[in-house]
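# Structural features, examined
For reference, the chains in residue letters:
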Amino acid sequence: NYLTNTLSVLGRTALVAAGLWAGWGLPALAYGTLAATVFTAFQTRFLVRRHLPMVNLSWSLADRETLAGIWSVGMWFSINGISVIALRTTDRFIVANMVALSSVTPYVLSGRIYEICHANLSQIANTTWPLLAELIGRGQREQAFRVWRGATTLSVLLPVVAGAAIWSANGVFMRAWVGH
């Protein structure tokens, strides 16, 4: 899984860079993402065939009504995803137009650092869900509450510490990275 994700990201990055270098502009992002998605699908199919030969994946196993239902819901998730991307990138345009174009890089880099911390710390909560479900299923509600409280405390405490560290070192990092 990690190898597939790594190869997908590297391939997408290389294709986007090559497309931008060739002058394709914004469509280079779409082509790179499409190529990475197709690669991931084929790589997953190859790995399933190699490691789980008893699993037979074929289109005949797919139910047309189920696929239609998934497509109808998936279409709305796709539209929602596009709108979220548009809303999340609007702030960069506002910073570039209202403040200064040179302020976009430090702004984006600072935000990425916080996103990396959030992504890693949210794994704490995501990995506790199965344990909590098992504890509650066994009737061990007090222990489940202790685990939940510990994970919540850790999920709140670590981002505060990481955020304070990033905030305090942000000026030094920006001068080193951007050269301001």
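Before any of the text, the structure's been laid out above.
First things first, this report covers the structure right here in the doc. Here the residue numbers are simple positions, counted from 1 along each chain's written sequence. Local features in a predicted model are, by the rule used here, given only for residues with pLDDT of at least 70; side-chain atom pairs are given and counted only at 80 or more, and totals for whole chains, interfaces and linings are based on all residues. Side-chain figures throughout are based on the complete set of non-hydrogen atoms in the structure, without hydrogens or water.

### Details of the overall build of the protein chain
- Helix numbers and strand numbers start at the N terminus; a helix is a DSSP run of H or I with at least 4 residues, a strand a run of E with at least 2. Check the secondary structure of the protein chain and you find five helices and zero strands.
- When the helices and strands of the protein chain are placed in sequence order, the string is α-α-α-α-α.
- Only protein chains enter the area calculation, which uses a 1.4 Å probe; residues under 20% of their type maximum are buried, those over 50% are exposed, and those in between are partly exposed. With 180 residues in all, the protein chain has 13% of them scored as buried.
- Counting only contacts in the protein chain whose residues sit at least 6 apart along the sequence, the fraction spanning at least 24 positions is 51%.
- Surface accessibility in these figures is a Shrake-Rupley result with a 1.4 Å probe; residues are shielded only by whichever protein chains are displayed. Carbon together with sulfur atoms contributes 70% to the accessible area of the protein chain, which is approximately 13900 Å² in total. Throughout, a residue-residue contact means that at least one pair of heavy atoms, one from each residue, lies within 4.5 Å.

### Regarding a nonpolar patch on the surface
- On the surface, a cluster of nonpolar side chains totalling about 370 Å² of accessible area is made up of L3, L7, L10 and F39.
- The element best represented in the nonpolar patch is helix 1 (residues 2–21), accounting for three residues.
- By secondary structure assignment, the location of L7 is in helix 1. A residue counts toward a patch only above 30% relative accessible area and without a salt bridge, and it is joined to like-charged neighbours within 9 Å or, for Val, Leu, Ile, Met, Phe, Trp and Tyr, to nonpolar neighbours within 5 Å. Salt bridge criterion: a side-chain nitrogen from Lys or Arg within 4 Å of a carboxyl oxygen from Asp or Glu.

### What to know about the packing of aromatic side chains
- Pairing of aromatic side chains requires ring centres within 6.5 Å, counting the rings of Phe and Tyr and the six-membered ring of Trp. Pairs whose planes differ by under 30 degrees are stacked, by over 60 edge-to-face, and all others tilted. Enumeration over the complete set of coordinates arrives at two aromatic pairs.
- Between W24 and Y31 the ring centres are 5.6 Å apart and the planes differ by 90°, which places this aromatic pair in the edge-to-face class.

### Quick notes on helix 2 (residues 27–51)
- Its 25 residues place the ends of helix 2 36 Å apart at the C-alpha level, agreeing with the 36 Å of an ideal helix rising 1.5 Å per residue.
- For helix 2, the complete set of buried residues consists of A28, G32, A36, Q43 and V48. In this analysis, the expected span of each helix is defined as 1.5 Å times one less than the number of residues it contains.

### Some words on the pattern of salt bridges
- Taken as a whole, this structure holds one salt bridge when the rule is applied.
- Measuring nitrogen to oxygen at the nearest pair gives 2.3 Å for the salt bridge that ties R138 to E134.
- Relative accessible area serves as the criterion here: at 54%, R138 is assigned to the exposed category.

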